[in-house]
Amino acid sequence: MNQGRLLALLSAVLMVALAVTGPASADEPAAWPMFHRDPGRTGRASVLGPPQPAIRWRHQSQSFFSSSPAIAADGTIYVGAWDGRLYALDPDGALRWTYATKKFITSSPAVGSDGTVYVGSWDWHVYAINPDGSLRWRYRTDELITSSPAIAPDGTVYVGSWDGGLYALMPGGALRWRFETGGYVSAPPAVAPDGWVVVGSWDGNVYAINPDGTEKWRFSTASQVSAPAAVGPDGTVYVGSWDNHVYAINADGTQRWRTRTMGPVGSGPAIGPDGVIYVGAWDQQLYALDTDGTIRWTFFTGDYTSTSGDYLASSPVVDASGVVYVGSNSFHVYAVNPDGALRWQIKTGNWVQASPAIGSDGTLYISGYDGHVYAIGHEPTPTPSPTHTRRPTASPTATATPTHTPSPTASPTATATPAHTPSPTASPTATATPSLVPAATPGRTVIAEPEATGTPSPTPTASATPMAVGPFTTFTSAPTETPVAATSTPQAVSAGPSPSPGATMHASPTAIGAPATPPPLVVPANRPPATQAPVAPIQRSRSDRGLGSIVVLGWGLLGLALLLAGVAMIIYIKGK
């Protein structure tokens, strides 16, 4: 066999092998399998996001979305909804299947390496769903679940519950261990590079737990911690609190720095490629914090004229070039450049509190309270028909349809284009949420026990029929029932003194061992001044002026009479 024939034979064999095995796995872009992409909750993509706000498709449901999408390796998008269903969408936006739980799903799903989807529900269960939509197993906790599961490299599933516990579940559904905190655990846990887990609690503490379920350390803040934490490659934990601060905690549990915001922090931090931390707060601002905690810039996402609570609850994500993507209660999705300038924005039909997910091709997926899941990419494609569905042959085990569907009452209206860095004149007040009411349980530590139908905070309300915005199609079939609102209200968190207009930007971290007094607030210099309507002078009629003259004259005569009486009395006494 000559050399040319041998080379041809080897080439043919190589082509057949590539056709059978496909491309090497190392060349396949990573998916977005869970909230903020990875177990450390960094929120950082390895690809570029969409450069333009082109809507490829949008999927319309009959409910509301506050769950963040997860993307499997095959491109399937999973997201939970307030109708209690887990939705599986094809990459083109068509509905593949839904799985019904018994209550709302505000937890963000997580996809395991074998394609199993894990999600929590308000019916107190953690569900494991097969890729075909059938039930694999479910595990019951002692309260509702809003926490988003984290999947560790060894397959352990970590999830928090409103019963105050952090659960470690084995891939088959058995309980490995349960760690007790002193308050609700509504935040998604994060897994550090060396295996320990970190999670915040409504008792005001951030807990680090060893892989065997023992406590590693705890870090105390001045208020509840409902925000997700993010863990850097060196083990540094970044987390926000309702005490109006963002904290950087060393891997040993000591404070590295803290930075004051102008509102409670319920957003999860994202860690950029250069180490910059991006996080939102209830002052409607997106913060960019340097590695030492100084504020690099802020981007305002709200509307100065709005009084309907346009707080920023969405957790931002960042792409490979440092562009930040975030949703807002101002009915928008924003793309912000690394320097803090607006790149683009898309108007939605209602609040957007979910965190975005970025697919391997750069498509950005996000869901909102207008009942839509959006795919924002480079080129728009036709919207799939709502009737085009594919359902699995095997019926899921749980088929009960939830009877409660949220029907919020008021929808904020965004009327202004967000500026680069302005700040509002006052920090918003925390909305009504369940308070931490201790309830003694035999054999357990005292934890907060919410009502099974209570609404976790922050849980906004929106209109049952979203307002039509631009070219978007809004759904018209309103939910039939509304959830029972929480009956208790937490103590409002003070946002600190109002800054003076024209204040300049400056660094505001607190070093280790610094006094407890918070540093000054950071206010951009280009903040628009507050305006006040002029007060019109009071016009008095002629009769009013005449009556006033008579009253003044009467008082004058009375005073003169009293003076003369006093003089006469003195003369009389002296004469005696």
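Note: the structure precedes this text.
Being a predicted model, the structure only gives us computed values, none of them experimental. (Residues numbered from 1 in each chain as written. Predicted model: local features only at pLDDT ≥ 70, side-chain atom pairs only at ≥ 80, totals over all residues. Heavy atoms only, no water.)

(A) Main features of the packing of aromatic side chains. Inspection of every chain in the model, using the stated rule, returns 26 aromatic pairs. Seen in terms of ring centroids, Trp-202 and Trp-242 are 5.7 Å apart; in terms of plane orientation they differ by 50 degrees. Their pairing is tilted. Linking Trp-202 in the loop between strand S15 (197-200) and strand S16 (205-209) with Trp-242 in the loop between strand S19 (237-241) and strand S20 (245-249), this pair joins segments that are 40 residues apart in sequence. Taking the relative accessible area as the measure of exposure, Trp-242 reaches 0% and is therefore buried. (Phe/Tyr/Trp six-rings, centres within 6.5 Å; stacked < 30°, edge-to-face > 60°. Helix = DSSP H or I, 4+ residues; strand = E, 2+ residues; numbered from the N terminus. Buried < 20%, exposed > 50% of the residue type's maximum accessible area, 1.4 Å probe, protein only.)

(B) Structural context of the sheet that holds strand S2 (residues 70-71). Pairing in this open sheet of four strands is antiparallel, and the strands run S2-S3-S4-S5 from one edge to the other. The open sheet has two edge strands, S2 and strand S5 (95-100), and neither has a second partner. (Pairing = 2+ DSSP bridges.)

(C) Molecular detail of the side chain of Gln-224. Along the chain, Gln-224 turns up in the loop between strand S17 (215-220) and strand S18 (230-231). Take Gln-224: its relative accessible area is 10%, and that puts it in the buried class. One polar contact links Gln-224 to Ser-223, side chain to side chain, over a distance of 2.8 Å. (Polar contact = N/O pair within 3.5 Å; in protein donor to acceptor, adjacent residues only side chain to side chain.)

(D) Expanded view of the sheet that holds strand S23 (residues 277-280). A sheet is described by the order of its strands in space; here four strands give the open sequence S22-S23-S24-S25, paired in antiparallel fashion. Looking along the sheet, the strands with just one partner apiece sit at the ends: strand S22 (270-271) and strand S25 (295-300). Relative to S23, S22 runs antiparallel, the two sharing two bridges. Note that in S23 the partner of Ala-270 across the bridge is Tyr-278.

Fair warning: the whole summary comes from geometry, so function is off the table for now.
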